[in-house]
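Descriptive analysis of the structure
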Amino acid sequence: MKFVKVAAAFAVMMSAPIAAAQEPQVPVPAIQGTLLSVNAEGMVEGRPDMATVNLGVTTQGDTAQAALQENARRMQALTQALRRAGIAERDIQTSNVSVHPQQQYRENEPPLITGYQASNSVTAKVRNIDNTGRVIDAAVRAGGNTVNGVYFSYQDPDAQMDAARRDAIAEARQRAELYAGALNMRVVRIVAVQESGAFSPPMPMAVRMEAAQDASTPIAPGQIETRVNVNVTFELR
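Residues numbered from 1 in each chain as written. Predicted model: local features only at pLDDT ≥ 70, side-chain atom pairs only at ≥ 80, totals over all residues. Heavy atoms only, no water.

Regarding the nonpolar core
Burial of nonpolar side chains together is a common tendency in soluble globular proteins. In terms of nonpolar packing, the biggest core is built from 22 residues, with Leu 55, Leu 78, Leu 82, Ile 87 and Val 122 touching the most fellow members. Going through the elements one at a time, β3 (50–61), α2 (64–84), β5 (109–126), α3 (132–141) and β6 (146–153) are the ones with two or more residues in this core. Ignoring sequence-local partners within four residues, the contact set of Leu 55 consists of Met 75, Leu 78, Leu 82, Ser 121, Val 122, Ala 139, Thr 146 and Val 147. In this structure, Val 44, Met 161, Ala 164 and Val 187 belong to the second largest nonpolar core, which totals 16 residues. (Core = buried A, V, L, I, M, F, W, Y, C linked by side-chain atoms within 4.5 Å. Buried < 20%, exposed > 50% of the residue type's maximum accessible area, 1.4 Å probe, protein only. Helix = DSSP H or I, 4+ residues; strand = E, 2+ residues; numbered from the N terminus. Contact = heavy atoms within 4.5 Å.)

Written out as structure tokens, the structure reads:
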């Protein structure tokens, strides 16, 4: 909690130089009371409505070309399975393509290349979150053998942010009323509002291949917390 006397605030305002040819501004009523600055956090929980799945194919071959060719064949089948499962083409994006030699290390001798490993993975947005398990199953049946995780989020995160903002302002107002009552004063108005942080991080979930191979992979979206921090300055009299 911080109190700033009105005289000091007024002096700061008067000492600022006035720029030439400024746009006309709406006059702000002079501060006649005491300023109270309150930090508050708003938080809401909600069930996510979208899942982002990272999955793909890893293949082996005697040569880099052979590993890549087999990988491309199986990856094409995987992406086709994703589209049949209801994933739009715009929601499928390649996230990694790599080829690495497989080496056998020998004492006092250079490593021996025994083959090559090719990997290709995509991220798929599942906008019908209840289909997430079926999408993973379809990818695995089509030849996918890597599932790197599931991230839950909102298709419209701003709606949750706005709900948290309203909660933060309500919390700041309630706290200001408490201080005003303790000081035998009342809250006259809000002078300034500053948002110092807002976040709704995606919630990760690990998926093991043993589960993904099941015909009914269970997926539990849970709840996501959305938090917003604000600093609100009130005038008390």
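Additional details are given in the paragraphs that follow.
Observations concerning the pattern of salt bridges
This structure, assessed with the given rule, holds 13 salt bridges. Two residues, Arg 47 and Asp 130, come together in a salt bridge whose shortest N-O distance is 3.1 Å. Remark: Asp 130 occurs in the loop between β5 and α3 and Arg 47 occurs in the loop between β2 (34–46) and β3; sequence separation between them is 83 residues. The class of Arg 47 is partly exposed, set by a relative accessible area of 42%. Relative accessible area serves as the criterion here: at 52%, Asp 130 is assigned to the exposed category. With its nearest N and O atoms 3.0 Å apart, the salt bridge here joins Arg 175 to Glu 171. One end of the pair, Arg 175, and the other, Glu 171, are both in helix α4 (residues 157–182), four residues apart, so they sit about a helical turn from each other. Residue class for Arg 175 comes out partly exposed when judged on its relative accessible area of 30%. For Glu 171, a relative accessible area of 29% translates into the label partly exposed. Several salt bridges converge on common partners, so that one network encompasses Glu 41, Glu 225 and Arg 227. (Salt bridge = Lys/Arg side-chain N within 4 Å of Asp/Glu carboxyl O.)

Focus: the confidence of the model for the protein
Taken as a whole, the protein shows an average pLDDT of 85; of its residues, 83% reach a score of 70 or greater. Ignoring residues within four places in sequence, the model shows residues 1–20, a span with pLDDT below 50, making 16 contacts including any to other chains. Here residues 209–213 scores under 50 on pLDDT; set against residues more than four positions off or in separate chains, the count is 13 contacts. (pLDDT = per-residue confidence, 0-100.)

A few points about unusual backbone geometry
Leave glycine aside and you will find that most residues have negative phi; peptide bonds, for their part, are mostly trans. We note that Asn 108 has phi near 60°; this positive angle belongs to a residue other than glycine. Within the secondary structure, Asn 108 sits in the loop between β4 (92–106) and β5. One non-glycine residue, Asn 184, lies in positive phi territory at about 55°. Residue Asn 184 is classed as exposed on the basis of its relative accessible area, which comes to 73%.

Quick look at a nonpolar patch on the surface
Together, Leu 68, Val 97 and Val 99 give the surface a local cluster of nonpolar side chains, amounting to about 220 Å² of exposed area. By the secondary structure assignment, Val 99 is in strand β4. According to the relative accessible area criterion, Val 99 is partly exposed, its value standing at 31%. (Patch = residues over 30% accessible without salt bridge, like charges linked within 9 Å, V, L, I, M, F, W, Y side chains within 5 Å. Areas by Shrake-Rupley, 256 points an atom, 1.4 Å probe, with all protein chains shown as cover.)

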